[in-house]
Amino acid sequence: MDNCIFCKIVDGSIPSKKVYEDEMIVAFYDLEPQAPVHVLVVPKQHISCADEIDESNSSVVAHIFTKIPQIAKTLGLENGYRIVNNCGSDGCQSVKHIHFHLLGGTQLNGRMA
Ligand code: DGP
């Protein structure tokens, strides 16, 4: 999609530090990390937000969740991690291409909001 930062990261026109890629998804370091390890996992297909998940595209979301344990392991997150998805304005979603924050590398704060 035109003017989507994450579509541009997917197609390589904006550089990123990738940690995983396959035919459906890519994972790369967040530009503004909020934990010692902070990676974003995104589908290559443009899906705006969690509100847009339906039967036609949910397989890519399932795929993301099957790959997260593997990505976490390669990042050394043996003690666990947090997966965050922000949706819409109340959820403070700033990039309108669905993405899952994978955070870890320290004891995370117990509160989420
Ligand atoms: P959210 O607020 O959930 O929409 O998170 C968007 C995240 O994307 C935020 O943590 C910063 C990150 N981000 C924004 N632009 C870029 C970029 O160009 N490259 C990378 N690697 N991360 C970005």
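About the cut-offs
- Residues numbered from 1 in each chain as written.
- Predicted model: local features only at pLDDT ≥ 70, side-chain atom pairs only at ≥ 80, totals over all residues.
- Heavy atoms only, no water.
- Helix = DSSP H or I, 4+ residues; strand = E, 2+ residues; numbered from the N terminus.
- Buried < 20%, exposed > 50% of the residue type's maximum accessible area, 1.4 Å probe, protein only.
- Lys, Arg positive; Asp, Glu negative; His and termini not counted.
- Salt bridge = Lys/Arg side-chain N within 4 Å of Asp/Glu carboxyl O.
- Polar contact = N/O pair within 3.5 Å; in protein donor to acceptor, adjacent residues only side chain to side chain.
- Contact = heavy atoms within 4.5 Å.

Visitor: Just to check I follow, could you spell out the side chain of Arg 82 for this structure?
Guide: Tracing the backbone through its elements, the reader meets Arg 82 in strand S4 (residues 81-84). Although Arg 82 is buried, it forms no salt bridge, and the closest oppositely charged side chain is Asp 30 at an N-O distance of 14 Å. Side-chain polar atoms of Arg 82 contact the backbone oxygen of Asn 109, separated by 2.6 Å. Among residues more than four places away in sequence, those in contact with Arg 82 are His 101, Leu 102, Leu 103, Leu 108, Asn 109, Gly 110, Arg 111 and Met 112.

Visitor: How should the environment of Gln 45 be read in this particular structure?
Guide: In this structure, Gln 45 sits in the loop between strand S3 (37-43) and helix H2 (58-74). Its relative accessible area of 41% is what places Gln 45 among the partly exposed residues. Counting along the chain gives 30 residues from Gln 45 to Pro 15, while the straight-line C-alpha distance between them is 18 Å. Residue contacts for Gln 45: discarding those within four places in its chain leaves Asn 57, Val 60 and His 97.

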